[in-house]
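Listed below, chain by chain, are the residues.
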Amino acid sequence: MHMGLVFTGEDGTTERFELLLEAFDGTERVLVVTSTEAIEDFGLDAVREMASKKYDAGQLDEIGRVRVLTSDLQGK
């Protein structure tokens, strides 16, 4: 049974003013890229849940980060 990502509560911003959330899959550090809008509109828990789903499905960007956009959350 896969537990999904465990979020550390650490965050930051990218050069494009996106939000970065730090998480771990066991000992593997995973960065989640999202937006303030996504968190404001859907809540941090929804963003984290979607990040875990996308990570489990192997949906990573070209440098291995998980991106969660408002469009990911609107259709769920």
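As a reminder, the structure under discussion sits directly above these lines.
Here the structure is a predicted model, which means the values were calculated and not measured.

J.: Could you give me a rundown of the overall build of the protein, with the residues and numbers involved?
T.: Secondary structure summary: the protein contains three helices and four strands in total. The C-alpha atoms of the protein give 11 Å as radius of gyration, which agrees with the globular expectation for 76 residues (11 Å, within 12%). Evaluated residue by residue, the protein yields a buried proportion of 37% over its 76 residues. Excluding contacts between residues fewer than 6 apart, the proportion of contacts in the protein whose partners are at least 24 apart in sequence is 41%. Total accessible area on the protein is roughly 4900 Å²; 50% of this is exposed by carbon and sulfur atoms.

J.: Tell me about the sheet that holds strand β1 (residues 6-13), and please be specific about residues and values.
T.: Through backbone hydrogen bonds, the strands of a sheet pair up, either in parallel or in antiparallel fashion. Reading across from one edge, β1-β2-β3-β4 is the order of the four strands in this open sheet, with mixed pairing throughout. The open sheet has two free edges, formed respectively by β1 and β4 (66-67), since each of these has just one partner strand. In the sheet, β1 pairs with strand β2 (residues 19-25) via five bridges, with the strands oriented antiparallel. Directly across from T13, in β2, lies its bridge partner L19.

J.: Describe the side chain of K54, with residues and values.
T.: Position of K54 relative to the elements: it lies in helix α2 (residues 44-56). Apart from residues lying up to four places away in sequence, K54 is in contact with Q59, V66, R67, V68 and D72.

J.: An account of the pattern of salt bridges is needed here, citing residue identities and associated values.
T.: The full count for this structure, using the stated rule, is six salt bridges. R67 is paired through a salt bridge with E18; the nearest N and O atoms lie 2.4 Å apart. With R67 in strand β4 and E18 in the loop between β1 and β2, this pair connects stretches of sequence that are 49 residues apart. The exposure class of E18 is buried, given its relative accessible area of 14%. Linked through salt bridges whose partners overlap, the residues forming this network are E18, D61, R65 and R67.

J.: Describe the pairing of β2, with residues and values.
T.: Of all seven residues in β2, five are buried; the element is thus mostly enclosed. For β2 and strand β3 (residues 28-34), the ladder comprises seven bridges, and the chain directions are antiparallel. Across the sheet, residue D25 finds its bridge partner in β3, namely E28. Hairpin connection between β2 and β3: a loop of two residues separates the two successive antiparallel strands, and G26 in this loop has a positive phi of roughly 65 degrees.

Cut-offs applied
- Residues numbered from 1 in each chain as written.
- Predicted model: local features only at pLDDT ≥ 70, side-chain atom pairs only at ≥ 80, totals over all residues.
- Heavy atoms only, no water.
- Helix = DSSP H or I, 4+ residues; strand = E, 2+ residues; numbered from the N terminus.
- Rg over C-alpha atoms; globule rule 2.2 N^0.38 Å.
- Buried < 20%, exposed > 50% of the residue type's maximum accessible area, 1.4 Å probe, protein only.
- Contact = heavy atoms within 4.5 Å.
- Areas by Shrake-Rupley, 256 points an atom, 1.4 Å probe, with all protein chains shown as cover.
- Pairing = 2+ DSSP bridges.
- Salt bridge = Lys/Arg side-chain N within 4 Å of Asp/Glu carboxyl O.

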